[in-house]
Amino acid sequence: MATTLISGGTVVTATGRSAADVLVDGEKIAAVLAPGSTLLGHDLAGSVDTVLDATGKYVIPGGIDAHTHMQMPFGGTEASDTFETGTRAAAWGGTTTIVDFAIQRYGERVMDGLAAWHEKAAGQCAVDYGFHQIIGDVNDDSLKAMEALPDEGVSSYKLFMAYPGVFYSDDAQIYKAMRVGAETGLMTMMHAENGPAIDAMVAELLAQGKTDPYYHGVARAWQMEEEATHRAIMLANLTGAPLYVVHVSAKQAVEQLAAARDNGQNVFGETCPQYLYLSLEDQLGAEGFEGAKWVCSTPLRSKHEHHQDHMWQSLRTNDIQMVATDHCPFCMKGQKDMGVGDFSKIPNGIGSVEHRMDLMYQGVVDGKISLERWVEITSTTPARMFGMYGTKGVIAPGADADVVIYDPNGHTSIGVEKTHHMNMDYSAWEGYEIEGHVDTVMSRGRVVINNNEYLGSKGHGQYVRRATSQYLV
């Protein structure tokens, strides 16, 4: 097996940073050594196959994006990134593991849905991947199937309080599923928005001739998110199920999560880069139909209500535990433009899997989070939250050699003609400038990105069988 020495860098973990060299043997990290250590010989650099010079740079565990939707059917179309293109883009951005969502639709069987997503991803991925399971039809058969998910390496499932007629679960169905979650250790992931009330608001707005993308955000008001978040927390409290609320965007929803956590409940929240940087006014409210580029659910929130500032604060205080992307890309031409004249027909989703690590590092530069917190919310906590820690999310002997060399003195310009490897005809992050750069990305010991060159290949990525959450109190 090939050996690699990463020398001269600063290893950054969730708990600190130190000058250290990292020895990789095959697919695993073999040792983390003090610079110049002779513990493994007096000429370690001369005895390995490859030396990667990380002088002046950070050495961090590969990013884990625990919320992606490759090739996801939605609104009469399908997310434009395949598992091949999406994981390649992830690698470019320093993400070495994704957790995607297998889907059971209404009238389908859970295990059939899981098998379909295995078929989509197998042999296609450039980096490692796992699955959550969407339960779109809670019934006796699917509840029984949920009990078998841990044996498949799937330790989390997702329900929707939104999208009536598509994925929606009512309170009784949520209660029943959470009972299984509590009994099996499955993490309940929740899309927390009051779907029936939202649908009523959508109908009212369209009847008034308010059809532009801006009104997507108006229809999905923060009250709808706060109410659903509170309801999910109460049902989780009743059943004893651990709860993870996805794509939290409203500060009021964060307050509900924080209150439950203060009471000792196993309740967690995720936010996404779009809720930290983008807004209802500046993006969804862009001239003409341009706002469709940023239609996603939950929606972008008003900057005048300071949701974005509160999201950064919640990351500092751990009221929100991690950052994923909800990567669900659609092109403007032929997909987003399905909603011209009717915002409710715009496919919901933003493409960000390539840029999460950079966007969150800019938060370090801007003084919004610490360097260690950057690693924690983008890698270590996702690994712990979803049963991968020890193998993923850490630079330590025995862990997978998923390693990123990040240059704090580098620069990254985001844009379609600059840094853009996702299968989309636009960038939601066009014009963003990042004061840092992903120099080298190693996936299980293989260098897949180095000095702006892609060295990976589809089929390298392997399925990750996940254990139950390692983050519960």
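These notes cover the structure that comes with them. (Residues numbered from 1 in each chain as written. Predicted model: local features only at pLDDT ≥ 70, side-chain atom pairs only at ≥ 80, totals over all residues. Heavy atoms only, no water.)

## Topic: the sheet that holds strand 5 (residues 28-33)
Phase 1 of the analysis: Ordered in space as 5-4-1-6, the four strands form an open sheet in which the pairing is mixed. The open sheet terminates on both sides in strands that have one partner only, identified here as strand 5 and strand 6 (50-53). Neighbour to neighbour, the strand axes of the sheet diverge by 20 degrees on average, direction disregarded. (Pairing = 2+ DSSP bridges. Helix = DSSP H or I, 4+ residues; strand = E, 2+ residues; numbered from the N terminus. Axes fitted to C-alpha atoms, helices over the stretch in contact; angles between N-to-C directions.)

## Considerations on the environment of Thr-271
Phase 1 of the analysis: With respect to the helices, strands and loops of the structure, Thr-271 is situated in strand 16 (residues 267-271).
Phase 2 of the analysis: Those residues in contact with Thr-271 that lie beyond four places of it in its chain are Val-248, Leu-276, Met-311, Leu-315, Ile-320, Met-322, Val-323 and Ala-324. (Contact = heavy atoms within 4.5 Å.)

## Some words on the packing of aromatic side chains
Phase 1 of the analysis: The tally for this structure, following the rule as stated, stands at 20 aromatic pairs.
Phase 2 of the analysis: On the basis of an interplanar angle of 75 degrees and a centroid distance of 5.5 Å, the ring pair of Phe-268 and Tyr-471 is categorised as edge-to-face. One end of the pair, Phe-268, is in strand 16; the other, Tyr-471, is in the segment after strand 22 (446-450), and 203 residues separate them in sequence.
Phase 3 of the analysis: The exposure class assigned to Tyr-471 is buried, which follows from its relative accessible area of 9%.
Phase 4 of the analysis: Between the aromatic rings of Tyr-361 and Tyr-406, the centroid separation amounts to 4.8 Å while the plane-to-plane angle is 50 degrees, which identifies the pairing as tilted. Here Tyr-361 is found in helix 13 (residues 356-365), whereas its partner Tyr-406 is found in strand 18 (residues 403-407), with 45 residues between them in sequence. Across the pair, exposure class does not vary: Tyr-361 and Tyr-406 are buried alike.
Phase 5 of the analysis: Linked through ring pairs, Phe-74, Phe-160, Tyr-163, Phe-167 and Phe-330 together constitute an aromatic cluster.
Phase 6 of the analysis: When the ring centre of Trp-117 is taken as origin, the NZ or CZ atom of Lys-120, which lies over that ring, is 3.7 Å away.
Phase 7 of the analysis: In this arrangement the basic side chain of Lys-158 is found over the ring face of Phe-101, its NZ or CZ atom lying 4.6 Å from the centre. (Phe/Tyr/Trp six-rings, centres within 6.5 Å; stacked < 30°, edge-to-face > 60°. Buried < 20%, exposed > 50% of the residue type's maximum accessible area, 1.4 Å probe, protein only. Lys NZ or Arg CZ within 6 Å of the ring centre and 35° of its normal.)

## Describing the pattern of salt bridges
Phase 1 of the analysis: Scanning the model with the defined rule gives 20 salt bridges in all.
Phase 2 of the analysis: The closest approach of N and O atoms between Glu-27 and Arg-444, which form a salt bridge, is 3.3 Å. Here the residue Glu-27 occupies a position in the loop between strand 4 (21-25) and strand 5, and Arg-444 occupies one in the loop between strand 21 (437-443) and strand 22, the gap between them amounting to 417 residues.
Phase 3 of the analysis: You can call Glu-27 partly exposed: its relative accessible area is 36%.
Phase 4 of the analysis: With relative accessibility at 6%, the residue Arg-444 sits in the buried group. (Salt bridge = Lys/Arg side-chain N within 4 Å of Asp/Glu carboxyl O.)

## Examining the sheet that holds strand 7 (residues 58-61)
Phase 1 of the analysis: Spatially, 3-2-7-18-21-22 is the arrangement adopted by the six strands of the open sheet, whose pairing is mixed. Either end of the sheet is taken by a strand with one partner, and the two such strands are strand 3 (16-19) and strand 22. When strand polarity is set aside, the average angle formed by the axes of neighbouring strands in this sheet is 25 degrees.
Phase 2 of the analysis: Alignment of strand 18 against strand 21, held across five bridges, turns out to be antiparallel. When the bridges of strand 21 are listed, Val-404 appears paired with Val-441.

## Some thoughts on the packing of helix 9 (residues 251-262) against helix 12 (residues 307-317)
Phase 1 of the analysis: Close contact between helix 9 and helix 12 brings their axes to 9 Å; oriented N to C, the two are set at 30 degrees. Classified by the angle between their axes, helix 9 and helix 12 sit roughly parallel to one another. Counted together, Lys-251, Gln-252, Val-254 and Glu-255 of helix 9 and His-307, His-310, Met-311 and Ser-314 of helix 12 form the full contact between these two elements.
Phase 2 of the analysis: For the contact of helix 9 with helix 12, the per-class residue count stands at two nonpolar, four polar and two charged. (Parallel < 35°, antiparallel > 145°, perpendicular 65-115°, else oblique. Nonpolar A, V, L, I, M, F, W, Y, C, P; charged D, E, K, R; others polar.)

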